[in-house]
Amino acid sequence: MTTFPIKRLGFFTRLLDQVDAAERYRLATQQIVQAEKCGFDSAWIAQHHFHEGEGGLPAPFVFLSHVAAHTSRIRLGTGIVTLPLELPIRVAEDAAVTDLMSGGRLEVGVGPGGNLSAFTAFGLESDQRHALFDNNLALLKTAWSGGTLPGGDKLYPSSPTLVDRIWQATFTVSGARRAGLAGDGLMLSRTQPRAPEAPQASLADIQNPMLDAYLEALPKGVEPRILASRTIFVADDRNEAMRLAEAGLSRMRHRLAATGNFSSGSLVGDLIRAMDVHIGTPDEVIASLKADTTLQRSTDLTMQVHSIDPPHPYILRSIELFAGKVAPALGWAPEVKAGTRQVA
């Protein structure tokens, strides 16, 4: 049997509960608290501007500072900060303050961003996003490492080890190679579009070449950090899980229809396949995840319930089932702090 090397378990949310913004923030905080209680190693939140249905949070460091006050151990990450839209020195400052307030628990995922209309609102050109990303990331690293900034100043307050906690998100082999060359962590998405010439390719078919490029480019002696995000919904009853999936995934029907990829005659079945969803009872989800060969080389597995987006109580239960039954079957074990008494 294949041994999975999953070292760390994460929970990810785009804050998409079907409520107003304030309630989204309250429920997401509860979900992260539940993840910490269940032994998760990290919690990640996305940054999105403007589009309520795509993501509920434009200010990730504000939110993570709030979550830090409600948790004590779980690491807190951005997945991602859309770096081309930001002033990199402000990101450096906000991240440093958040890291200090959380006791050094911050992880910083960054990426070039996919919402191109946002660039217009920010007075930027979307076709410049990759150049902006490269320039802003270089300045971010200079600030965190204590280098002299343009004008002669240096960052204060300082949290210099943040430079070792950068993760780059990408959809491409070239992006994975760039993350490897930099010695940064690599963030893989829960699903990716299929090329027209390979519409039936698995997610592993797309992402394993990215892993090859990342590992080949990684400097000698640098430990790989590979975070694979996956849509995972674990439930006590399969029929209940499928009922909730049909309700949630049907909101994504227009996206699937645009691809013409209706193959099984079952809307929910097509959506589950097209969006790489792992769903069902713990045993079903274990089997589904074990078939994903990308996970055999990942160090971090992060679960999210998007785009099923079940009601809040089901998210809490899914977190509990994933940590208690699914993740241990993939080789994960909760971290035991020195001096902590374990109860069988």
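This text goes with the structure placed above it.
As the structure is a prediction and not an experimental result, all values here were calculated from the model.

Caption draft 1: A look at the pattern of salt bridges. For the structure shown, the criterion picks out 17 salt bridges. In this structure, Arg26 and Glu23 form a salt bridge, with 2.6 Å as the shortest nitrogen-oxygen distance. With Arg26 and Glu23 both in helix α1 (residues 21-37), this residue pair falls three residues apart, about one helical turn. Among the residues examined, Arg26 registers a relative accessible area of 41% and is labelled partly exposed. Arg238 is the salt-bridge partner of Glu284, the closest N and O atoms lying 3.6 Å from each other. One end of the pair, Glu284, is in helix α11 (residues 282-290); the other, Arg238, is in helix α8 (residues 238-249), and 46 residues separate them in sequence.

Caption draft 2: Up close: the packing of helix α6 (residues 173-182) against helix α7 (residues 203-217). With their axes 7 Å apart at the nearest point, α6 and α7 run at an angle of 25° to one another. When the axes of α6 and α7 are compared, the pair comes out roughly parallel. Between α6 and α7 the crossing geometry is right-handed. Across the interface between the two elements, Val173, Ala176, Arg177, Ala179, Gly180 and Leu181 from α6 touch Pro209, Met210, Ala213, Tyr214 and Ala217 from α7.

Caption draft 3: Fine view of empty space enclosed by the protein. Applying the stated criterion across every chain, the model contains one cavity of 30 Å³ or more. Here the largest cavity defines a volume of roughly 70 Å³. Lining the largest cavity, in full, are Phe11, Phe12, Thr13, Leu15, Leu16, Asp17, Gln31, Val305, His306, Asp309, Pro310 and Ile315. Here the element with the most residues in the lining of the largest cavity is strand β1 (residues 8-13); it accounts for three residues. Classifying every residue of the lining of the largest cavity gives seven nonpolar, three polar and two charged.

Caption draft 4: Representation of the pairing of strand β2 (residues 42-45) in the model. Residues Ser42 and Trp44 point to one face of β2 and Ala43 and Ile45 to the other, with burial holding for every one of them. In this sheet, β2 lies alongside β1 in parallel orientation, the contact comprising four bridges. Residue pairing for β2: Phe11 is matched across the bridge by Ala43. For the crossover that starts at β1, traverses α1 and ends in the parallel β2, the hand is right-handed. Regarding the hand of the β-α-β motif, the stretch spanning β2, helix α2 (residues 60-70) and strand β3 (residues 75-82) is right-handed.

Caption draft 5: The arrangement of the environment of Thr71 in detail. Position of Thr71 among the secondary structure elements: in the loop between α2 and β3. Between the C-alpha atom of Thr71 and that of Val33, which follows or precedes it by 38 residues, the distance is 6.3 Å. Beyond its immediate chain neighbours, meaning those up to four positions away, Thr71 contacts Ile32, Val33, Glu36, Leu76 and Arg105. A polar contact is formed between the side chain of Thr71 and the backbone oxygen of Val67, at a distance of 3.0 Å.

Caption draft 6: Molecular detail of α11. All of the buried residues in α11 are Pro282, Val285, Ile286 and Leu289. What you see down the axis of α11 is that its buried residues fit within an arc of 105°, all on one side. For α11, the exposed residues lying more than 90 degrees away from the buried face are Asp283 and Ala287. Turning to α11, the residues buried within the fold contact β7 (226-234), β8 (277-280), β9 (300-304) and α12 (312-329).

Caption draft 7: Structural view of the pairing of β1. Judged by how many residues are buried, β1 sits mostly within the fold: five of six residues are covered. Where β1 and β9 come together, four bridges link them in parallel fashion. Looking at β9, one finds that Leu9 is bridged to Leu301.

Caption draft 8: Inspection of the environment of His70 at higher detail. Mapped onto the secondary structure, His70 falls in helix α2. The exposure class of His70 is partly exposed, given its relative accessible area of 44%. Each C-alpha atom, one on His70 and one on Ala291, is 36 Å from the other, the two residues being 221 residues apart in sequence.

Caption draft 9: Fine view of the nonpolar core. Membership of the largest hydrophobic core comes to 54 residues, with the highest contact counts inside it found for Ile32, Phe40, Phe63, Trp144, Leu289 and Phe322. It is α12 that provides the largest number of residues to this core, a total of seven residues. Not counting residues within four places of it along the chain, the set of residues in contact with Phe40 comprises Leu9, Gly10, Phe11, Ala35, Arg73, Ile74, Met303, Ile319, Phe322, Ala323 and Trp332.

Caption draft 10: Here's a closer look at the side chain of Thr82. Here Thr82 is to be found in strand β3. Once residues lying within four places of it in the same chain are set aside, the contact partners of Thr82 are Gln47, Gly111, Pro112 and Gly113.

Caption draft 11: Here's a closer look at the packing of α11 against α12. Viewed as axis vectors pointing N to C, α11 and α12 meet at an angle of 40°, and their least axial separation amounts to 9 Å. Classified by the angle their axes make, α11 and α12 are oblique. Crossing geometry of α11 relative to α12 is assigned as right-handed. Contacts between α11 and α12 involve Pro282, Val285, Ile286, Leu289 and Lys290 on the former and, on the latter, Leu321, Phe322, Lys325, Val326 and Ala329.

Definitions and cut-offs
- Counting restarts for each chain: residues are numbered from 1 in the order of the written sequence.
- With the structure being a predicted model, the display of local features is reserved for residues of pLDDT at least 70 and the display and counting of side-chain atom pairs for 80 or more, all residues being used for whole-chain, interface and lining totals.
- Here the side-chain values reflect all heavy atoms present in the structure, with hydrogen atoms and water set aside.
- For this analysis, a salt bridge means a side-chain nitrogen from Lys or Arg found within 4 Å of a carboxyl oxygen belonging to Asp or Glu.
- Every helix listed is a DSSP run of H or I at least four residues long, and every strand listed is a run of E at least two residues long, numbered separately from the N terminus.
- Burial here depends on accessible area, computed with a 1.4 Å probe over protein chains only, as a share of the maximum for the residue type. Under 20% is buried, over 50% is exposed, and the range in between is partly exposed.
- With axes taken as lines fitted to C-alpha atoms, and helix axes fitted only over the stretch in contact, angles between N-to-C directions fall between 0 and 180 degrees.
- Angular relationships are summarised with four words: roughly parallel below 35 degrees, roughly antiparallel beyond 145, roughly perpendicular across 65 to 115, and oblique for the angles in between.
- Left-handed describes a crossing whose near helix is turned anticlockwise from the far helix by less than a right angle; the clockwise case is right-handed.
- Contacts are residue-level and defined by heavy atoms, with any inter-residue pair within 4.5 Å sufficient.
- In this analysis a 1.4 Å probe is tested at points of a 1 Å grid over the protein atoms alone, and where it fits but cannot get out there is a cavity; an open set with protein on both sides within 12 Å along at least five of seven lines is a pocket; lining residues have an atom within 4 Å of a point.
- Grid points are joined across faces, edges and corners, and a volume is the space filled by probe spheres set on the points.
- The residue classification treats Ala, Val, Leu, Ile, Met, Phe, Trp, Tyr, Cys and Pro as nonpolar and Asp, Glu, Lys and Arg as charged. All others, Gly included, are polar.
- DSSP-based pairing: two strands are paired if at least 2 bridges between them are found.
- By definition, the crossover connecting two strands over a helix is right-handed if that path, from the first strand to the second, turns clockwise as seen with the strands pointing away from the viewer.
- Polar contacts here mean pairs of N or O atoms no more than 3.5 Å apart (in protein, one a potential hydrogen donor and the other a potential acceptor; neighbouring residues in sequence count only if both atoms are side-chain atoms).
- By arc we mean the arc of the directions from the helix axis to the C-beta atoms, nothing more.
- Buried Ala, Val, Leu, Ile, Met, Phe, Trp, Tyr and Cys residues that are joined via side-chain atoms within 4.5 Å together make up what is termed a nonpolar core.

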